[in-house]
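Now for the letters of each chain:
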Amino acid sequence: QFSLLYVEDNQSNRTVMRLMVENTMSRHSLVIFEDSSNFMERVKALPKPPDVILLDIHVLPLDGFEMLTLLRADATYCESKIIALTASVTSEEIEELSLAGFDGGIGKPLRVETFPGLVTRILNDETVWHVV
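Residues numbered from 1 in each chain as written. Predicted model: local features only at pLDDT ≥ 70, side-chain atom pairs only at ≥ 80, totals over all residues. Heavy atoms only, no water.

Asks: Could you clarify how one ought to interpret the environment of Gln1 in this entry?
Replies: Residue position: Gln1 is located in the segment before strand E1 (3-7). Gln1 gets classed as exposed once you look at its relative accessible area, which sits at 72%. Sequence-wise, Gln1 and Arg27 are 26 residues apart; in three dimensions their C-alpha atoms are separated by 6.1 Å. When near neighbours in sequence (up to four residues on either side) are disregarded, Gln1 contacts Arg27, His28, Ser29 and Asp51. In terms of polar contacts, Gln1 uses its side chain to reach the backbone carbonyl oxygen of Arg27, at 3.4 Å. (Helix = DSSP H or I, 4+ residues; strand = E, 2+ residues; numbered from the N terminus. Buried < 20%, exposed > 50% of the residue type's maximum accessible area, 1.4 Å probe, protein only. Contact = heavy atoms within 4.5 Å. Polar contact = N/O pair within 3.5 Å; in protein donor to acceptor, adjacent residues only side chain to side chain.)

Asks: What's the story with the sheet that holds strand E6 (residues 128-130) in this structure? I'm lost.
Replies: Pairing between the strands of a sheet comes from backbone hydrogen bonds, and it takes one of two forms, parallel or antiparallel. Strand order in the open sheet formed by six strands is E2-E1-E3-E4-E5-E6, and the pairing between neighbours is parallel. Pairing within the sheet leaves two strands with one partner each, and these edge strands are strand E2 (29-33) and E6. Each adjacent strand pair in this sheet contributes to an overall mean axis angle of 20 degrees, direction not counted. When E1 meets strand E3 (residues 52-56), the two strands line up parallel, connected through four bridges. Looking across to E3, one finds that Tyr6 is bridged to Leu54. Taken strand by strand, helix H3 (residues 64-72) contacts E1, E3 and strand E4 (81-86), and its axis lies near 150 degrees from that of E3. Relative to the sheet, helix H5 (residues 115-123) contacts E1, E3, E4, strand E5 (104-107) and E6, its axis offset from that of E6 by approximately 160 degrees. (Pairing = 2+ DSSP bridges. Axes fitted to C-alpha atoms, helices over the stretch in contact; angles between N-to-C directions.)

Asks: What exactly am I supposed to notice about the side chain of Ser3 here?
Replies: With respect to the secondary-structure elements, Ser3 resides in strand E1. Taking relative accessible area as the criterion, Ser3 reaches 8% and is therefore assigned buried. Residues within four places of Ser3 in sequence aside, it is in contact with Ser29, Lys48, Pro49, Pro50, Asp51 and Val52.

Asks: Explain the nonpolar core here, please?
Replies: Core analysis: the biggest nonpolar cluster contains 20 residues, and Leu5, Val7, Phe39, Leu55, Leu71 and Phe102 have the highest contact counts within it. When contributions to this core are tallied by element, the ones reaching two or more residues are E1, helix H2 (39-44), E3, H3, E4 and helix H4 (91-100). With 19 residues, the next largest nonpolar core counts Leu4, Met17, Leu110 and Val119 among its residues. (Core = buried A, V, L, I, M, F, W, Y, C linked by side-chain atoms within 4.5 Å.)

Asks: What am I meant to see in unusual backbone geometry here?
Replies: Most peptide bonds take the trans configuration, and most residues that are not glycine carry a negative phi. Look at the link from Leu60 to Pro61: it is a cis peptide, with omega at 0 degrees. Of the consecutive residues Lys108 and Pro109, the connecting peptide bond is found in the cis state with omega at 5 degrees. In this fold, Pro109 is placed in the loop between E5 and H5. A positive phi angle, near 45 degrees, is found at Asn38, a position not held by glycine. In this structure, Asp125 is a non-glycine residue whose phi angle is positive, near 65 degrees. Relative to the elements of secondary structure, Asp125 occurs in the loop between H5 and E6. A relative accessible area of 60% places Asp125 in the exposed class.

Structural data, given as C-alpha cells:
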C-alpha cells in the first residue's frame, strides 16, 4: 500500500481524484488538501510521509513551485516523488516544471484510463511527463 497527497483547490478535480483512487486504486490511501495554507505544518502532521505528492500548480496561497521549494528544502521530503498537475501543458511550461525539480507532470483533466498506470510508473522510479 502506498499513500498519495493531493493539493488541489478545485472541488471537481478533488472529486475526480477521490473517485479514481477509490475505484481503481482502493488499497492505497489518499489525503487531499483543499489549499496550500500552512502547507508544511499540515504535511508534517500526516502519519507518515506520502509516497507520491501531487501538486496543482495554480493553487493559493502557495503555488506548486513554492510548495515544491519547501518540500525539497526539508530533509524528510527532499527525496519525495513530487508530481505537478496542471492544465498548462506547453513545451515551455513542461521545461519550467522539469527545471524547477518536479519528478514529473500530469496534464489535466485526469483520466481514469491512464492515471493509475502513471502512478505505478512513478512509484517504480520512472520520470513521467504525461501531458496529452
